[in-house]
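# Secondary and tertiary structure notes
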Amino acid sequence: MSADAGRPGVDVPDHRGRTGLDLAGRGLDRNPDVVVRDVELTSRGWHVLRRTTFDYRRRDGRWETQQRETYDRGNGAVVLPYDTGRGRVLLTRQFRYPAYVNGHPDGMLVEAAAGLLDGDDPLAAIRRESAEELGVVLGPLTPVAELYMSPGSVTERLHFFAAPYTPADRTGAGGGLAEEGEDIEVLELPFGDALAMVRDGRIADGKTVLLLQWAALHGPFAVSR
């Protein structure tokens, strides 16, 4: 590529039509102990990897220059649909290569339905994902938390919800979008069975463990003490 052609994702659109990907973080001034010096775009696949150089003032007053790589995949939302009348929850099972390559026996993870916001607000995004992955129309959404799941390297903030459903609300087969490579199995489980799967390790996904424990301690399946 010639020097005049520009840099995809920076000066000219990349394969997703994006420019200015190197601007994230420049000009941040909310923390007087952090001064961003440079942002380098190191990868621009479906999501974005950046290397940022910044000056950081330590607690003893000394300034030092640090570098951090951040993986930007956007923010997301996740939901636990529950049916208290029948004591059930809706979960998914799908293949996750990163878990498979990092020691999971077969990479097939049981999870709560989740997805990226993709420009929608969290409420609209999780209703969209629930229709696509679970084939269910959710009742009123209860906000549970907004959490950074891996703040050492991933920028994503995840919006957690819970919502009621009934058998009549299951209007489709779910399964995700085949054109996006999704092949999702819908699991309707007794809540007690789902908790047992957390205890014995069959559910090893952090966001799902959090929602199930919330449901047991503070949510629809909490036992009054």
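Structure: see above.
This one's a predicted model, so the numbers in the text were calculated from it and none came from an experiment. (Residues numbered from 1 in each chain as written. Predicted model: local features only at pLDDT ≥ 70, side-chain atom pairs only at ≥ 80, totals over all residues. Heavy atoms only, no water.)

## Structural notes on the layout of surface pockets
Definition in use: We place a 1 Å grid over just the protein atoms. Points where a 1.4 Å probe fits but has no way out form a cavity, open points with protein on both sides within 12 Å along at least 5 of 7 lines form a pocket, and any residue with an atom within 4 Å of a point lines it. Grid points are joined across faces, edges and corners, and a volume is the space filled by probe spheres set on the points. Secondary structure elements are taken from DSSP: a helix is a run of H or I of four residues or more, a strand is a run of E of two residues or more, and numbering for both begins at the N terminus. For this classification, the nonpolar set comprises Ala, Val, Leu, Ile, Met, Phe, Trp, Tyr, Cys and Pro, the charged set comprises Asp, Glu, Lys and Arg, and every other residue, Gly included, is treated as polar.
Roughly 1,500 Å³ of volume is contained in the largest pocket. Surrounding the largest pocket, 46 residues form its lining, His47, Arg73, Arg96, Leu116 and Glu156 being those nearest its centre. Within the residue set of the lining of the largest pocket, elements represented by two or more residues are β2 (48-57), β3 (63-72), β5 (88-95), α1 (97-101), β6 (108-111), β7 (113-116), α2 (122-134) and α4 (206-217). Grouping the amino acids of the lining of the largest pocket by side-chain chemistry returns 19 nonpolar, 9 polar and 18 charged. Volume-wise, the second largest pocket comes out at about 860 Å³. Lining the second largest pocket are 25 residues, and of these Gly25, Leu28, Arg30, Thr70 and Thr155 lie nearest its centre. Breaking the lining of the second largest pocket down by element, the ones donating at least two residues are β1 (34-44), β2 and β3. Per-element accounting of the lining of the second largest pocket gives the leading share, 4 residues, to β3. Each residue belonging to the lining of the second largest pocket can be placed in one class, and the counts come to 9 nonpolar, 10 polar and 6 charged.

## Description of the sheet that holds β2
Put simply, the test is: One requirement defines pairing of two strands: DSSP has to find at least two bridges between them. Here an axis means a line fitted to C-alpha atoms, over the contact stretch when the element is a helix, while the angle between two N-to-C directions is reported on a 0 to 180 degree scale.
Taking strand neighbours across the sheet as the criterion, the 3 strands line up as β1-β2-β3 in an open arrangement whose pairing is antiparallel. Both edges of this open sheet fall to β1 and β3, since each of them pairs with a single strand only. Taken pair by pair, the neighbouring strands of this sheet meet at an average axis angle of 20°, ignoring direction. Where β1 lies against β2, 9 bridges are found, and the strand directions are antiparallel. Its bridge partner being in β2, Leu41 is matched across the sheet by Arg50.

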